[in-house]
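# Residue-level structure breakdown
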Amino acid sequence: MNTVLTIKKITSGSTTEVADLVDQLYNTILLNGTHKALGIKVAEAAKVIENSQRDINIAFMNELVKICIYFGIDTTDVLEAAGTKWNFLKFKSGKVGGNCTGIDPYYLAQKAEEAGYYPEIILAGRHMNDGMGGWIAQEVIKTMITKEIKNQRF
């Protein structure tokens, strides 16, 4: 669905001339065009916050999975019902993928802290997502114990 050619790209450059050149080059190959940012800082900040936003939304879904387990309800059923609302964002739980999505929130948090601001939500999302692998392993072990699965080969 979304490919390199169909995703609108944010472009920029170290000077106005370079920004124009980069933007023109991208527009010769992209199907949905570009958005020329006002500068490199704006372009990089846009990339970092987009990845951080996705990370936070996935963290929310991961937390929802944990809560639903405590209530004994199926997360898929909850998300299906919530998805009937026009303004519901359809994210899924799981591990955060991609090269930048798990790293960019830390980069943004570090830069914010250097400027004197502590980003609570961004770091809480990272904490949730970083812990999902271990949490899933614990849930598998609990299930194996409950079903008395021991030393079996699969």
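Let us look at the structure shown here. Fair warning: this is a prediction, and the values are worked out from it, not measured in the lab.

If you add up the space inside the largest pocket, you get close to 340 Å³. If you list the elements that add at least two residues to the lining of the largest pocket, you get β1 (9-11) and α2 (40-71). With 6 residues, the top contributor of residues to the lining of the largest pocket is α2. The volume enclosed by the second largest pocket comes to roughly 230 Å³. Lining the second largest pocket we find V65, T75, T76, L79, E80, G83, F88, K90, F91, K92 and S93. The element best represented in the lining of the second largest pocket is helix α3 (residues 75-82), accounting for 4 residues. Residues belonging to the lining of the second largest pocket are distributed by class as follows: 4 nonpolar, 4 polar and 3 charged.

Across all of its chains, the model carries 7 salt bridges by this definition. Taking the shortest distance from any N to any O, the salt bridge between E50 and R54 comes out at 2.6 Å. Here the residue E50 and the residue R54 both occupy positions in helix α2, the gap between them amounting to 4 residues, near one helical turn. Relative accessible area serves as the criterion here: at 29%, R54 is assigned to the partly exposed category. Among the ionic contacts, a cluster of salt bridges with common partners joins D55, R126 and D130.

Procedures and definitions
- Sequence order sets the numbering: in each chain, residues are counted from 1 along the sequence as written.
- Since the coordinates come from a predicted model, pLDDT governs what is reported: local features require at least 70, and pairs of side-chain atoms require 80 or more to be given and counted, while whole-chain, interface and lining totals use all residues.
- Think of the side-chain values as coming from all heavy atoms in the structure, minus any hydrogens and water.
- Think of a 1 Å grid over the protein atoms and nothing else: a 1.4 Å probe that fits but is trapped marks a cavity, an open set flanked by protein within 12 Å on at least five of seven lines marks a pocket, and residues with an atom within 4 Å of a point count as lining.
- Grid points are joined across faces, edges and corners, and a volume is the space filled by probe spheres set on the points.
- Secondary structure elements follow DSSP: runs of H or I no shorter than four residues count as helices, runs of E no shorter than two count as strands, and numbering proceeds from the N terminus.
- Nonpolar residues are Ala, Val, Leu, Ile, Met, Phe, Trp, Tyr, Cys and Pro. Charged residues are Asp, Glu, Lys and Arg, and all others, Gly as well, are polar.
- Any Lys or Arg side-chain nitrogen located within 4 Å of an Asp or Glu carboxyl oxygen qualifies as a salt bridge.
- Throughout, exposure labels follow a simple rule: accessible area from a 1.4 Å probe, protein chains only, divided by the maximum for the residue type, with under 20% read as buried, over 50% as exposed, and the rest as partly exposed.

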